[in-house]
Amino acid sequence: MQLLLESLFNGVAIGSVLLVAALGLAIVFGLMGVINLAHGELMMLGAYSTYITQLIFKQVSFLKPFYDSYVIVAIGIAFLVSGTVGILLERTVIRRLYGSPLETLLATWGVSLILQQFVRSVPLAYASGLVIALFFGLFSPLFISDDLLSGAKGKLIRASIWGFSALLGVATGGILSSLVSKLSRASARNVDVTAPSWMRGGIDFVGITFPKTRLLIILITLISVLVVIFFLDKTAWGIRIRAVTQNRPMSDCLGISTETVDIITFGIGSGLAGVAGVAVSLLGSVGPNVGGNYIVGCFMVVVLGGVGNLLGTILASFSIGIMTDLIGAGRLLTIWPDMPSPIYSTIDFFATTSMARVMIFALIVIFLQFRPTGMFPQKGRMVES
Amino acid sequence: MSIFSTKKSWINLTIWVLIIALIIAAPSLLPVFRLNLLGRYLSLAIVALGVDLIWGFTGMLSLGQGIFFALGGYCAAMFLQLNSAGEFPNGIPEFFGLYGVEKLPFFWEPFKSSIFTLISIWLLPAIIAGLLGYLVFRNRIKGVYFSILTQAALLVFFNFFNGQQKLINGTNGLKTDVTQLFGQMVGSEIMQRWFFWISAILVILAWFFARWIVRDRFGNILIGIRDDEARVRFTGYNPVMFKTIIFSIAGGLAGISGALYTVQSGIVSPQFMTVPFSIEMVIWVAVGGRGTLLGAILGAVLINYAKSLVSEALPASWMFIQGGLFILVVTALPEGVLGWIRKGGLKKLLFLIGINKKLETYPSLEVNEQGEVKS
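On a predicted model such as this, the values are computed, not experimentally measured, just so you know.

The next point concerns the overall build of chain B. Tallying secondary structure elements over chain B gives 16 helices and four strands in all. For chain B, the C-alpha radius of gyration of 23 Å lies close to 21 Å, the compact-globule estimate for 375 residues. Once the C-alpha set of chain B is aligned to its principal axes, its extents read approximately 85 × 55 × 50 Å. In chain B, once contacts between residues fewer than 6 apart in sequence are set aside, the share between residues at least 24 apart is 74%. When the accessible surface of chain B is summed, it comes to about 18100 Å², and 67% of that surface belongs to carbon and sulfur atoms. Between the averaged position of the 28 positive side-chain charges in chain B and that of its 18 negative side-chain charges there is a distance of 7 Å.

This paragraph deals with the overall build of chain A. Looking only at helices and strands, chain A has 16 helices and two strands in total. Computed over C-alpha atoms, the radius of gyration of chain A comes to 22 Å, within 12% of the 21 Å expected from 2.2 N^0.38 for 385 residues, which places it in the range of a compact globule. On the principal axes, the C-alpha backbone points of chain A span a range of 80 × 60 × 35 Å. Restricting to contacts in chain A with at least 6 residues of sequence separation, those with at least 24 account for 75%. When the accessible surface of chain A is split by element, carbon and sulfur atoms take 68% of a total near 17600 Å². A gap of 7 Å separates the mean positions of the 24 positive and 17 negative side-chain charges of chain A.

Turning our attention to the pattern of salt bridges. Taken as a whole and judged by the stated rule, the model has twelve salt bridges over all chains. A:Arg248 is the salt-bridge partner of A:Asp262, the closest N and O atoms lying 3.0 Å from each other. Within this pair, whereas A:Asp262 is found in helix α11 (residues 258-283), its partner A:Arg248 is found in helix α10 (residues 248-253), the two being separated by 14 residues in sequence. Judged by its relative accessible area of 5%, A:Asp262 is buried. Residue classification places A:Arg248 among the partly exposed residues on the basis of a relative accessible area of 31%. Residues B:Asp227 and B:Arg226 are paired through a salt bridge, measuring 3.1 Å at the closest nitrogen-oxygen approach. According to the relative accessible area criterion, B:Asp227 is exposed, its value standing at 55%.

Time to look at the interface of chain B and chain A. Between chain B and chain A, the residue contacts involve 41 residues of the former and 40 residues of the latter. Between chain B and chain A lies a buried interface of about 3600 Å² when both sides are counted; carbon and sulfur atoms form 79% of it. For the pair chain B and chain A, the interface holds one salt bridge. Put simply, chain B and chain A have one residue pair in polar contact (both at pLDDT 80 or more) between them.

Our next topic: a nonpolar patch on the surface. Residue and element names in this part refer to chain B. A surface patch of nonpolar side chains, amounting to about 570 Å² of accessible area, comprises Ile 115, Ile 119, Trp 122, Leu 123, Ile 127 and Leu 131. With respect to the helices, strands and loops of the structure, Ile 127 is situated in helix α5 (residues 114-138). On the basis of relative accessibility, which here comes to 44%, the residue Ile 127 falls in the partly exposed class.

In this model, chain A carries a mean pLDDT of 82, and residues with pLDDT of at least 70 account for 97%. Here helix α14 (residues 331-335) of chain A stands out as the least confident element of chain A, with mean pLDDT 70; helix α3 (residues 70-92) of chain A is the most confident, with 90.

It is worth spelling out the nonpolar core at this point. Residues A:Leu183, A:Phe361, B:Leu53, B:Trp55, B:Trp108 and B:Trp284 are the most contacted members of the largest nonpolar core, which totals 209 residues. Among residues more than four places away in sequence, those in contact with B:Trp284 are B:Leu44, B:Val47, B:Ala48, B:Phe277, B:Gly295, B:Gly299, B:Ala300, B:Ile303 and B:Asn304.

Remark: the centre distance and the inter-plane angle together describe each pair of aromatic rings, the angle taken between the planes. All names here are of chain B. In this structure the tally under the stated criterion is 26 aromatic pairs over all chains. Pairing Tyr 41 with Tyr 305 gives two aromatic rings, centres 6.0 Å apart and planes at 85°, and the pair type is edge-to-face. Pair noted here: Tyr 41 is in helix α2 (residues 32-57) and Tyr 305 is in helix α13 (residues 293-313), with a separation of 264 residues, a long-range link. Here the aromatic rings of Phe 106 and Phe 107 are separated by 5.8 Å at their centres, their planes lie at 85°, and the arrangement is edge-to-face.

Glancing now at helix α14 (residues 317-331) of chain B. End to end, α14(B) covers 21 Å across 15 residues, agreeing with the expected 21 Å (1.5 Å per residue, within 8%). The set of residues buried in α14(B) consists of B:Ser317, B:Trp318, B:Met319, B:Gln322, B:Gly323, B:Phe326, B:Ile327, B:Val329 and B:Val330.

The next point concerns the pairing of strand β2 (residues 208-211) of chain A. Remark: a regular strand shows side chains that alternate across the two faces of the sheet. In β2(A), alternate side chains face the same way, and those of A:Ile208 and A:Phe210 are buried while those of A:Thr209 and A:Pro211 on the opposite face are not. Between the end of strand β1 (residues 202-205) of chain A and the start of β2(A), which pair antiparallel, lie two residues, with A:Val206 showing a positive phi angle near 35°.

Further remarks concern the side chain of A:Glu41. Residues and elements named next belong to chain A. Tracing the sequence through the fold places Glu 41 in helix α2 (residues 39-59). As a buried residue without a salt bridge, Glu 41 has its nearest oppositely charged side chain in Arg 120, at a separation of 8.1 Å. Within the structure, Glu 41 has its side chain in polar contact with the side chain of Gln 116 (distance 2.8 Å).

Residue and element names in this part refer to chain A. α11 packs onto α2 with a crossing angle of 55° between their chain directions and a minimal axis gap of 6 Å. Comparing the axis directions of α2 and α11 gives the class oblique. The hand of the α2/α11 crossing is right-handed. Of α11, the residues touching α2 (which contributes His 39, Leu 42, Met 43, Gly 46, Ala 47 and Thr 50) are Gly 269, Ser 270, Ala 273, Gly 274, Ala 276, Gly 277, Val 278, Val 280 and Ser 281. Here the residues of the contact of α2 with α11 sort into seven nonpolar, eight polar and no charged.

All names here are of chain A. Turning to its location among the elements, Thr 92 is positioned in helix α3. Look at Thr 92 and you get partly exposed, because its relative accessible area is 39%. A distance of 2.7 Å separates a polar atom in the side chain of Thr 92 from the backbone oxygen of Leu 88.

The next thing to look at is the packing of helix α4 (residues 101-121) of chain A against α14(B). Relative placement of two packed helices is described by the angle separating their axes and the distance separating the axes. Their axes nearest at 8 Å, the elements α4(A) and α14(B) cross at an angle of 155°. Our classification of the angle between α4(A) and α14(B) gives roughly antiparallel. Our pair here, α4(A) against α14(B), has a crossing hand that is left-handed. Of the residues that constitute the contact of α4(A) with α14(B), the class distribution is twelve nonpolar, seven polar and two charged.

Another aspect to go through is the environment of A:Glu6. All names here are of chain A. Take Glu 6: it is sitting in helix α1 (residues 2-32). Overall, the relative accessible area of 30% leaves Glu 6 in the partly exposed class. Remark: the alpha-carbon pair of Glu 6 and Ile 239, spanning 233 residues in sequence, is separated by 39 Å. Residue contacts for Glu 6: discarding those within four places in its chain leaves Ile 208 and Arg 331.

What follows deals with the environment of B:Gln264. Residue and element names in this part refer to chain B. Take Gln 264: it is sitting in helix α11 (residues 239-265). Assessed through its relative accessible area of 4%, Gln 264 is described here as buried. When the C-alpha atoms of Gln 264 and Gly 50 are compared, they prove to be 20 Å apart, with 214 residues separating the residues in sequence. If near-sequence neighbours (up to four positions away) are discounted, Gln 264 is found in contact with Asn 36, Gly 39, Arg 40, Ser 43, Gln 192, Phe 195, Phe 196 and Ser 199.

This paragraph deals with the side chain of B:Asn304. Note that B:Asn304 resides in helix α13. Within the local environment of B:Asn304, its side chain forms a polar contact with the backbone oxygen of B:Ala300, the two atoms lying 2.7 Å apart.

Inspection of the sheet shows β1(A) paired to β2(A) by four bridges, in the antiparallel sense. Bridging across to β2(A), A:Asp204 finds its partner in A:Thr209.

This part is about the confidence of the model for chain B. Residue and element names in this part refer to chain B. Residue-level pLDDT values for chain B average 83, and 91% of them are 70 or greater. At the low end of the mean pLDDT range in chain B sits helix α16 (residues 345-352), at 70; at the high end sits α11, at 92. Scoring of the predicted complex yields 0.85 for pTM and 0.82 for ipTM.

Scoring rules and cut-offs
- Residues numbered from 1 in each chain as written.
- Chains lettered and ligands numbered in written order.
- Predicted model: local features only at pLDDT ≥ 70, side-chain atom pairs only at ≥ 80, totals over all residues.
- Heavy atoms only, no water.
- Helix = DSSP H or I, 4+ residues; strand = E, 2+ residues; numbered from the N terminus.
- Rg over C-alpha atoms; globule rule 2.2 N^0.38 Å.
- Contact = heavy atoms within 4.5 Å.
- Areas by Shrake-Rupley, 256 points an atom, 1.4 Å probe, with all protein chains shown as cover.
- Lys, Arg positive; Asp, Glu negative; His and termini not counted.
- Charge placed at Lys NZ, Arg CZ, Asp CG, Glu CD.
- Salt bridge = Lys/Arg side-chain N within 4 Å of Asp/Glu carboxyl O.
- Buried < 20%, exposed > 50% of the residue type's maximum accessible area, 1.4 Å probe, protein only.
- Buried area = accessible area lost by both parts, 1.4 Å probe.
- Polar contact = N/O pair within 3.5 Å; in protein donor to acceptor, adjacent residues only side chain to side chain.
- Patch = residues over 30% accessible without salt bridge, like charges linked within 9 Å, V, L, I, M, F, W, Y side chains within 5 Å.
- pLDDT = per-residue confidence, 0-100.
- Core = buried A, V, L, I, M, F, W, Y, C linked by side-chain atoms within 4.5 Å.
- Phe/Tyr/Trp six-rings, centres within 6.5 Å; stacked < 30°, edge-to-face > 60°.
- Expected span 1.5 Å × (residues − 1).
- Pairing = 2+ DSSP bridges.
- Axes fitted to C-alpha atoms, helices over the stretch in contact; angles between N-to-C directions.
- Parallel < 35°, antiparallel > 145°, perpendicular 65-115°, else oblique.
- Left-handed = near helix turned anticlockwise from the far one by under 90°.
- Nonpolar A, V, L, I, M, F, W, Y, C, P; charged D, E, K, R; others polar.

Here's what the structure looks like:
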């Protein structure tokens, strides 16, 4: 019983990392039909944001008393950073490729290569400066009335906004690199995020120790899922997003700005990747390749759950998580030691993390033989679906 | 002779003579290192031809060609390892000793035969590709789902090969450059020269083969599947069969390519099955021009050559260039370079920069320097 509970907890913990990572992907893929292979790199940006936030809290004197709460601040920052980069990506590349998912796949792979090399060869201080410049450049026009932005005067105002943002970015980069020496040089080495003291250790419950970081990740996932469901179901923009998903031309006719919907959807999907990055940074060291480890798993979650279905995504990630723990950690063998020997030796063969992956992916492919469109398929009457 | 009567045939003949002369002369023109690189890139052109067949002509974007590439490589490497294993304890390859394995795993046995190896290099990947493809296509899984599934399959194979030290030396891979073939070291200069020639000839043969496939009705059906699969099905064809066949052909080509690449790079390892490598294969075809077989070959050779040159000079910048290429080719040049040229891109470019003046007429006419209309 105790063993079962522990296994369940581990499975849920693995699954919730997968879920928070796949959530953004499910939104972007399910609602917009865009295959974003740069999703892993957006997670990586979120993880690096956590690292930078932590360093700033450590070094800057007036923030030092609040060091313990940097993780919570980092979640917000990571959301904004990844969201900003995502919106830039949507505006510059993906906008041209709607309706051809294979093309988005290739283009976003290119973006992911560039982002990986970017964090390797640009000092993190100036990288954050660039993100801040982008942030202000992209978002400050939203707070200026449309009258000011039209005509020749508008162009001047837009240009000056970008100029101001660029200055701000350079200034931030300079200040950060002088304050925190670790951020002033480019490095391809992995970095580590140290958890604040209240997150170390675990909580004992019925004789099992639950690590606090894992619990926090489960909490982050839970909140993200609830917020996303609330946003899509209850808010005006959420309803517009769903309307555009169902019928784009009709929504356009009814006065919904599909372009804005695209920006918001992609921004939120990317922002959630950033939140996932925070979770990932708490689990292990952060490097340029950290996103690549998750991307295929995330896609499997989305496909297994059924595209465009949040419930499916949730179920799929938890079942993959629990399976990973049962097979990969060899727990199935401990729970049920006297199983028939051929099954025992087979499962024993797969009882490492990487071999468990082999088995689970193979099982997913077999599952898709029976349900090609996942657990909860989208209903439609098209020839193609 | 009637086939040489037209001007075009003469041009064709000259080009072929040039190509063959270059292939024969290449070993004396290039330093050993460059020749080896060129040979490797030529072998990569074969896998690119396969990618072009399934993606450019049939519209299926496979991100898992690395599986078949590596399988071909492993077949060749296993034979070479066994071929020179006689001097080691138990008569089995050296690395087995590290893991305390004393008996050859059963699936190594047939690779003692050279004929079996030569067949299995292309047949084994083709069979596995056919099986995988059939299972996927039968369920009408296509488009991005197909791409994601092939990527997942790639990871399955990668993790499997990476984790099995006792069976195939796991993450270290199998070395081939110190093995013996015909009494020569495989990594020696003379063997490498022969492998270069074999690669060059096989690229040409593979090109003829691919052209033969796409030229007739079979090729038309493939293009039909790419453009509208439902319509092909309603017309009475069974797309599953055609897709399975072409996927398995591409797998076979990938196997040949992998075997040639392995003997020339000196090692086969699970690194051949990483995700980036398989996506790179797609970009060679995309840049060269999907749906143009020559584009696939040129793309594979030239991009890899550029990669090695850039990486030697500025190691960090290749990732930026490659990433930029992906974005550029998808947004600006969806037909690839060769497709763009074939659609009159060069003329348009000349027109844009004002060298070639054109009158606004239909059909379009060109003007000469004096501004008169050319006849």
